[in-house]
Amino acid sequence: MSLLNTMPEFMVTTKVDEMLNWTRKSSLWYMLFGLACCAIEMMQTGGPRSDLDRFGAVPRATPRQSDLMIVAGTLTLKMALRTKVLYEQMPDPKYVISMGSCSNCGGLFQLAYSVCDGVDKVIPVDVYVPGCPPRPEALTEGLLKLQEKMMQEKWLVRSTGESRPALA
Amino acid sequence: MSQSLVTALASQALEGIVEVAESRGELVVRVLPVALVEVCTTLRDDPAFAFDFLMDVTAVDYPGREPRFEVVYHLYSLKLNHRVRLKVGASEASPHVPSVTPVWRGANWLERETYDMYGIQFDGHPDLRRIYLYEEFEGHPLRKDYPKEKRQPLVTRADVEPAQQRRQRERDSERYGRWQ
Ligand code: SF4
């Protein structure tokens, strides 16, 4: 999109992939998935000060409307299966940000009898945000990293070994 | 410790009380399991006690002691502002204690928690299931012999579905049984 500024107003040239990715990354609706203290920081990130909205990220309360799941907090073994079910309910293409030490690896509770050591044991994760809890800046950075990743995706070229399914 | 409470306890001469002691200014009463419900009913209904609030039910594990478990009840009287702690032993071989849900309905979840964490069986409880952990969890984590490093396997859908279907069948037969 770097050509945007140099071209006359009425014409923009871009690649279709880039166009698609640009629209998708600019309306990342994330599912609220607060599990523990990290959830407070996630709310703060959505709040007016760090304002995740300016990147097009809006909180949704249901998996059916979301593209992104931000797993914020301690994942217990009891919650693990439910997390998987919720992930499966999200429409493709879908992304996961694992927020905080707890969902990255179990954090300080990882040896507890009821805690799953990492959300990646259950669902695939795109971006890990470290911290206990990560500051809103860190989560915002995580979202920007995810957007970067989304911009790399190729939808029209089917290449072998690609993990994401290509658009038909 | 409230002196009037001690005298009231002494004057009642309740069956099944093994020991009345004081611990850090609080009254501790040891009760036989068979007499528990009766003692609790008296403690609730007698105006000298008026213990209308069961604050907590929990247990303590003393490995190597007989009885191994001690189930602890904390009672509080909102009317008279006094407290008492009841203790009941439960052996390792058969950790059975009568449920006090008929006396205080609030005991329901507290006893489920104690069952979940220590494996104490509360006889007469209406719905003795795990409350915090899930059904597939093996063992009772607050027992002293629960291995610290023990990892529970991840539950998969295949593990859960038979139990869910069973519960659904049970619910259905409970609701629609008479039409079936
Ligand atoms: S990583 Fe820290 S702040 Fe986040 S849920 Fe775990 S303990 Fe809480």
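Not measured: the values here are computed from a predicted model. (Residues numbered from 1 in each chain as written. Chains lettered and ligands numbered in written order. Predicted model: local features only at pLDDT ≥ 70, side-chain atom pairs only at ≥ 80, totals over all residues. Heavy atoms only, no water.)

A.B. asks: Account for the site of the ligand, naming residues and giving values.
C.D. replies: The immediate surroundings of the ligand are formed by 13 residues, with A:Cys37, A:Cys38, A:Cys102, A:Cys132 and A:Pro133 found nearest. A per-class count over the shell around the ligand returns eight nonpolar, five polar and no charged. (Near = heavy atom within 4 Å. Nonpolar A, V, L, I, M, F, W, Y, C, P; charged D, E, K, R; others polar.)

A.B. asks: How would you sum up the sheet that holds strand E4 (residues 95–99) of chain A? Please name residues and give values.
C.D. replies: All names here are of chain A. Spatial ordering of the open sheet is given by E2-E1-E3-E4-E5, a layout of five strands whose pairing is parallel. Whereas interior strands pair on both sides, the edge strands pair on one side only; in this sheet they are strand E2 (58–60) and strand E5 (127–129). Shown here is a sheet whose adjacent strand axes are inclined to one another by a mean of 30°, direction ignored. Together, strand E1 (29–34), strand E3 (68–72) and E4 form the strand contacts of helix H2 (residues 38–46), whose direction differs from that of E1 by roughly 150°. (Pairing = 2+ DSSP bridges. Helix = DSSP H or I, 4+ residues; strand = E, 2+ residues; numbered from the N terminus. Axes fitted to C-alpha atoms, helices over the stretch in contact; angles between N-to-C directions. Contact = heavy atoms within 4.5 Å.)

A.B. asks: Account for the interface of chain A and chain B, with residues named and values stated.
C.D. replies: Listed per partner, the contact involves 15 residues of chain A and 17 residues of chain B. Our enumeration of links across chain A and chain B arrives at zero salt bridges. Summed over the shared surface of chain A and chain B, the number is four residue pairs in polar contact (both at pLDDT 80 or more). Tallied by class, residues from the side of chain A that touches chain B come to nine nonpolar, two polar and four charged. (Salt bridge = Lys/Arg side-chain N within 4 Å of Asp/Glu carboxyl O. Polar contact = N/O pair within 3.5 Å; in protein donor to acceptor, adjacent residues only side chain to side chain.)

A.B. asks: Mind laying out the side chain of A:Asp126, listing which residues take part and the relevant values?
C.D. replies: Residue and element names in this part refer to chain A. As for its position among the elements, Asp 126 is in the loop between helix H4 (100–105) and E5. Judged by relative accessible area, Asp 126 falls into the buried class, the value being 16%. Looking at Asp 126, its side chain comes within polar contact range of the main-chain nitrogen of Val 96, at 2.9 Å. For Asp 126, the side chain forms a polar contact with the side chain of Lys 149, separated by 2.8 Å. (Buried < 20%, exposed > 50% of the residue type's maximum accessible area, 1.4 Å probe, protein only.)

A.B. asks: Now, about the sheet that holds strand E5 (residues 82–90) of chain B: what can you tell me, with residues and values included?
C.D. replies: Residues and elements named next belong to chain B. One open sheet holds the five strands; their spatial order is E1-E2-E5-E4-E3, and the pairing between them is mixed. Strands with a single pairing partner mark the edges of an open sheet, and in this sheet they are strand E1 (17–23) and strand E3 (53–61). With strand direction ignored, the average angle separating the axes of adjacent strands in the sheet is 20°. Across the sheet, helix H3 (residues 107–118) lies against E3 and strand E4 (69–77), angled at about 10° from E3, the strand it touches most.

A.B. asks: Lay out the pattern of salt bridges in plain terms, naming residues and giving numbers.
C.D. replies: Side chains that differ in charge, positive against negative, can pair when their charged atoms come close. Inspection of the entire model under this criterion finds 23 salt bridges over all chains. Between A:Arg135 and A:Glu137 there is a salt bridge, and its shortest N-O distance comes to 3.2 Å. Residues joined in a network through salt bridges with shared partners are B:Glu19, B:Arg30, B:Arg65, B:Glu70 and B:Lys87.

A.B. asks: A description of the side chain of A:Asn21 should follow, citing residues and the corresponding values.
C.D. replies: Residues and elements named next belong to chain A. Within the element layout of this structure, Asn 21 appears in helix H1 (residues 16–25). Residue Asn 21 is classed as buried on the basis of its relative accessible area, which comes to 0%. Polar contacts involving the side chain of Asn 21 include one to the main-chain carbonyl oxygen of Met 150, which spans 3.2 Å. Within the local environment of Asn 21, its side chain forms a polar contact with the backbone oxygen of Met 151, the two atoms lying 3.4 Å apart. If we ignore the near neighbours within four places in the chain, the residues touching Asn 21 are Met 150, Met 151, Gln 152, Glu 153 and Trp 155.

A.B. asks: Please give an account of H3(B) that cites residues and values.
C.D. replies: Residue and element names in this part refer to chain B. The end-to-end C-alpha distance of H3, which contains twelve residues, comes to 16 Å, matching closely the 16 Å that a straight helix rising 1.5 Å per residue would cover. For H3, the tally of buried residues reaches nine of twelve residues, placing the bulk of the element in the interior. Regarding H3, the residues found buried are Ala 107, Leu 110, Glu 111, Arg 112, Thr 114, Tyr 115, Asp 116, Met 117 and Tyr 118. Turning to H3, the residues buried within the fold contact E3, E4, strand E6 (96–98) and strand E7 (121–123). Looking one or two places after H3, you find Gly 119, whose phi comes out positive at around 75°. (Expected span 1.5 Å × (residues − 1).)

A.B. asks: Tell me about the packing of H1(A) against helix H5 (residues 136–151) of chain A, residues and numbers included.
C.D. replies: All names here are of chain A. With their axes 9 Å apart at the nearest point, H1 and H5 run at an angle of 155° to one another. Taken together, the axis directions place H1 and H5 in an arrangement best described as roughly antiparallel. For the element pair H1 and H5, the recorded crossing hand is right-handed. Along its contact with H1, which presents Glu 18, Asn 21, Trp 22, Arg 24 and Lys 25, the element H5 presents Gln 147, Met 150 and Met 151. Here the residues of the contact of H1 with H5 are counted per class, giving three nonpolar, two polar and three charged. (Parallel < 35°, antiparallel > 145°, perpendicular 65-115°, else oblique. Left-handed = near helix turned anticlockwise from the far one by under 90°.)

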